Amino acid sequence: MPQTNQQSGQQPSQRLEAAQATTGRVFLSGYVQQQKANLWCAVGCGASASLLMIVQWVLFSFAAHQIIVENASFKQQANVLLVILMAMLGRAFLTRFQTHFSLIASTKVRKHIRQKMLQYWRTASPLYLKHTSAGAYASQFVEDIEAMDGYFARYWPQQALALISPLFILVVVAYLNWLCALLLLISAPLIPLFMVLVGIGAERLNQKYSTIRQRLAGHFLDRVANLSTINLLGASNEVLQEVKEYSDRYRQVVMRTLKVAFLSSTVLEFFTSVAIAALAIYIGFALYGAITWGPADSLTLFSGLAILILAPEFFQPLRTLSQYYHDRASALGAANNLVEAFEFEQYNSNTFNAPNSATGPTIRPLSQYSLVLKDLSIGHAANTPQATHLNAALNLGDVLVVSGQSGSGKSTLLHTLAGYLPALAGSAITPTDTKVTAAYLPQQAWIKNASIRDNLLALAPNASDQEMLDVLNQLDLINELNIHQHGLDTLIGEHNQGLSGGQIQRIAFARLLLSPSPVMLLDEPTARLDTKSKALIIKAMRLLQPSSILVIATHDPDVIALASQHINLDRAGA
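Residues numbered from 1 in each chain as written. Predicted model: local features only at pLDDT ≥ 70, side-chain atom pairs only at ≥ 80, totals over all residues. Heavy atoms only, no water.

> So, the overall build of the chain: which residues are in play, and what are the values?
Helices and strands together make up the secondary structure of the chain, namely 19 helices and eight strands. For the chain, with 574 residues in total, the buried portion stands at 47%. Once local pairs closer than 6 in sequence are excluded, the contacts in the chain between residues at least 24 apart make up 81%. For the chain, the exposed area adds up to about 28500 Å²; of that, 59% sits on carbon and sulfur atoms. (Helix = DSSP H or I, 4+ residues; strand = E, 2+ residues; numbered from the N terminus. Buried < 20%, exposed > 50% of the residue type's maximum accessible area, 1.4 Å probe, protein only. Contact = heavy atoms within 4.5 Å. Areas by Shrake-Rupley, 256 points an atom, 1.4 Å probe, with all protein chains shown as cover.)

Here is the structure:
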């Protein structure tokens, strides 16, 4: 059975509160720290490209001044033009490397998140994975993780460049004309201020957008998976209308997000245009001689042209950042969803399965394969236990049958022994070999859409074809599959199509026979089976009995007859 290290000094409720305190910003910041080398390389390349851009336009303005005002020839400016060309090529080269490093960071982050999500899915309790639909998980795995790309590949490097590049330009403009630099300095803060104001609404919309997208994905997948049932019930039109309504809600949220983005871009363009126009008016009147106050007398064609060309470049990083701000909002919305999923699954897989010596069950090793329950209390909440003071001592070959009415706690007991739920009190003493885990067969066996061979190999990877055929023969399946199907190559369709319920249950037991475990947990193994299939399942349980401890939840009298020990939860204290 799975065992995990408990987190010292913290109660489960305290750990859950700490998990919920993690936000999307903290999630993103952690990955920024992880990829800071690549991200800062991207920023360095972008900053160097900005320096070359300044060199390019300053030299261009100087050459224009020399040719127009000083009557210099193009030949005399050949060296300057050559440097301009080299600056242009270097700028393109550095921009390419900026993209390269940022994409490396983005790719590594997305790969790590996907690996982390897959690991959580492997280790999380199946009980808690059911809280979210498969469609929502698929949406998280694809769309939410892909939303990280814009943040790391574009937004994060650009937010640094939005400070560095304008600062470089401001220094050059201040050297040429301090009043123009002052005008730029006054107008620049208006853009990030408005971005913050707009961004608050954009983040909320994107959070809602991400959640609705997940719900829509789960809703649509559920309907597609049950199309046959929907058609049989004649509910196609109702379901079509339902999907249409969900899609309209999704469209409305997306359009609200786009409206915010368009509004943000329009206002930023307005502020930028006004600031550049103010500079152009001042420089034009100063060169014309209509303005003589301040540093107007020092303006020349060289300095005026350089300032006018650099002014749009001063605002360009901020404008680019505003375009990428939607990437940030999308990433934050996706990150909040991922944090919730990760912390929820991590909490359930690590803390719910972890015994707490102060308040929960203890797990102590024995020298032989045994299962001992001592004053065990089970349930989903401490204040509403389903059964208390359960006691049993089992060795190999013993069969513990757990019976009771529906809702009495039969499945809950199996989930507790399997490690899916924490015991509320008492102890569960398990085999000393930590590599040994309990084999758990739920009421609906896990069968994948593949051949019978692939389904058997999924839990018994070392089984040979002959061993598989022998086990299927013991369960009287081989003749049925050879006559009506294709033996081990028989394909099991989606939702177990192509085989009967009894055949599916016998295939599930064939996997147990091929890979027996010292502890076998069986939940209603003969429920909803015909007489023949039930007899074969009972035969399979007898085959498992000598080398295993069987814990069976059932209300079937024929299965109860196998018991060496019997717990009736209807009479257990609660």
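There's more to say after this.
> Got a sec to walk through the nonpolar core? Specific residues and values, please.
Across soluble globular proteins, you tend to see nonpolar side chains buried next to one another. Among the nonpolar cores identified, the biggest contains 39 residues, and Ile452, Leu456, Leu472, Ile507, Phe509, Leu512 and Met541 are the most heavily contacted of them. Mapped onto this core, the elements with two or more residues apiece are β3 (399-403), β5 (439-441), α14 (452-459), α15 (465-474), α17 (501-514), β6 (519-523), α18 (531-544) and β7 (549-553). Among the elements that line this core, the one with the most residues is α17, at eight residues. Counting 30 residues, the second largest nonpolar core, distinct from the first, contains Phe27, Val32, Leu332 and Ala334. (Core = buried A, V, L, I, M, F, W, Y, C linked by side-chain atoms within 4.5 Å.)

> Give a detailed account of the packing of helix α4 (residues 78-123) against helix α7 (residues 148-176), specifying residues and quantitative values.
Two numbers describe how α4 lies on α7: the axes approach to 8 Å, and their chain directions differ by 135°. Between α4 and α7, the angle is such that the two are oblique. The chirality of how α4 crosses α7 is right-handed. Residues Gln98, Ser102, Leu103, Ser106, Val109, Arg110 and Ile113 of α4 pack against Met148, Asp149, Phe152, Ala153, Pro157 and Leu161 of α7. (Axes fitted to C-alpha atoms, helices over the stretch in contact; angles between N-to-C directions. Parallel < 35°, antiparallel > 145°, perpendicular 65-115°, else oblique. Left-handed = near helix turned anticlockwise from the far one by under 90°.)

> Any chance you could break down the pairing of β3 for me, citing the residues and the numbers?
Taken across its five residues, β3 has five buried, putting it largely inside the fold. In β3, alternate side chains face the same way, and those of Val399, Val401 and Ser403 on one face and Leu400 and Val402 on the other are all buried. Here β3 pairs with β7 via four bridges, running parallel. Considered in β7, the bridge of Val402 is made with Ala553. Two elements, β3 and strand β8 (residues 565-568), share four bridges in a ladder whose sense is parallel. Its bridge partner lying in β8, Leu400 is registered against Gln565. (Pairing = 2+ DSSP bridges.)

> Give a description of the pattern of salt bridges that names residues and reports values.
Pairing is possible between side chains of opposite charge, provided their charged atoms come close. Counting across every chain of the model gives nine salt bridges. For Arg154, the salt bridge identified is with Asp327, shortest N-O distance 3.0 Å. Residue Arg154 is found in helix α7, and its partner Asp327 is found in helix α12 (residues 301-352); the two are separated by 173 residues along the sequence. For Asp476, the salt bridge identified is with Lys532, shortest N-O distance 3.4 Å. (Salt bridge = Lys/Arg side-chain N within 4 Å of Asp/Glu carboxyl O.)

> Requested: an account of a nonpolar patch on the surface, with residues and values cited.
On the surface, Leu82, Leu85, Met86, Met88 and Leu89 cluster together to form a nonpolar patch covering roughly 520 Å² of accessible area. Structurally, Met86 can be placed in helix α4. (Patch = residues over 30% accessible without salt bridge, like charges linked within 9 Å, V, L, I, M, F, W, Y side chains within 5 Å.)

> Give me the lowdown on the sheet that holds β6, citing residues and values where you can.
Strands sit in the order β5-β6-β7-β3-β8 across an open sheet of five strands; the sheet is parallel. Lying at the two open borders of the sheet, with one neighbouring strand each, are β5 and β8. Each strand axis lies, on average, 15° off the axis of its neighbour in the sheet, ignoring direction. Bridging between β5 and β6 involves three bridges; their strand directions are parallel. For Leu441, the partnering residue across the bridge sits in β6 and is Leu522. Docked against the sheet, helix α13 (residues 410-418) engages β3, β5, β6 and β7, running at close to 150° with respect to β6.

> So what's going on with the environment of Met117? Residues and values would help.
Within the element layout of this structure, Met117 appears in helix α4. You can call Met117 buried: its relative accessible area is 1%. Residues Met117 and Tyr137, spaced 20 residues apart in sequence, show a C-alpha to C-alpha distance of 9.6 Å.

> Please give an account of the packing of helix α3 (residues 36-68) against α4 that cites residues and values.
Look at α3 against α4: their axes get within 8 Å of each other, and the N-to-C directions meet at 160°. Judged by the inter-axis angle, α3 sits roughly antiparallel to α4. Relative to α4, α3 is oriented so that their crossing is left-handed. Its residues assigned to classes, the contact of α3 with α4 comprises 22 nonpolar, eight polar and two charged. (Nonpolar A, V, L, I, M, F, W, Y, C, P; charged D, E, K, R; others polar.)

> Can you lay out unusual backbone geometry for me, pointing to particular residues and giving the numbers?
Of note in the backbone geometry, Asn71 takes a positive phi value of approximately 60° without being a glycine. Structurally, Asn71 is set in the loop between α3 and α4. The backbone phi angle of Asp476 is positive, close to 55°, even though this residue is not glycine.

> Got a sec to walk through the packing of aromatic side chains? Specific residues and values, please.
All told, the structure shown has nine aromatic pairs when counted by the stated rule. Here the aromatic rings of Phe62 and Phe302 are separated by 6.0 Å at their centres, their planes lie at 90°, and the arrangement is edge-to-face. Linking Phe62 in helix α3 with Phe302 in helix α12, this pair joins segments that are 240 residues apart in sequence. Taking relative accessible area as the criterion, Phe62 reaches 32% and is therefore assigned partly exposed. With a centroid separation of 4.8 Å and an interplanar angle of 50°, the aromatic rings of Phe93 and Phe97 are classed as tilted. One end of the pair, Phe93, and the other, Phe97, are both in helix α4, four residues apart, so they sit about a helical turn from each other. (Phe/Tyr/Trp six-rings, centres within 6.5 Å; stacked < 30°, edge-to-face > 60°.)

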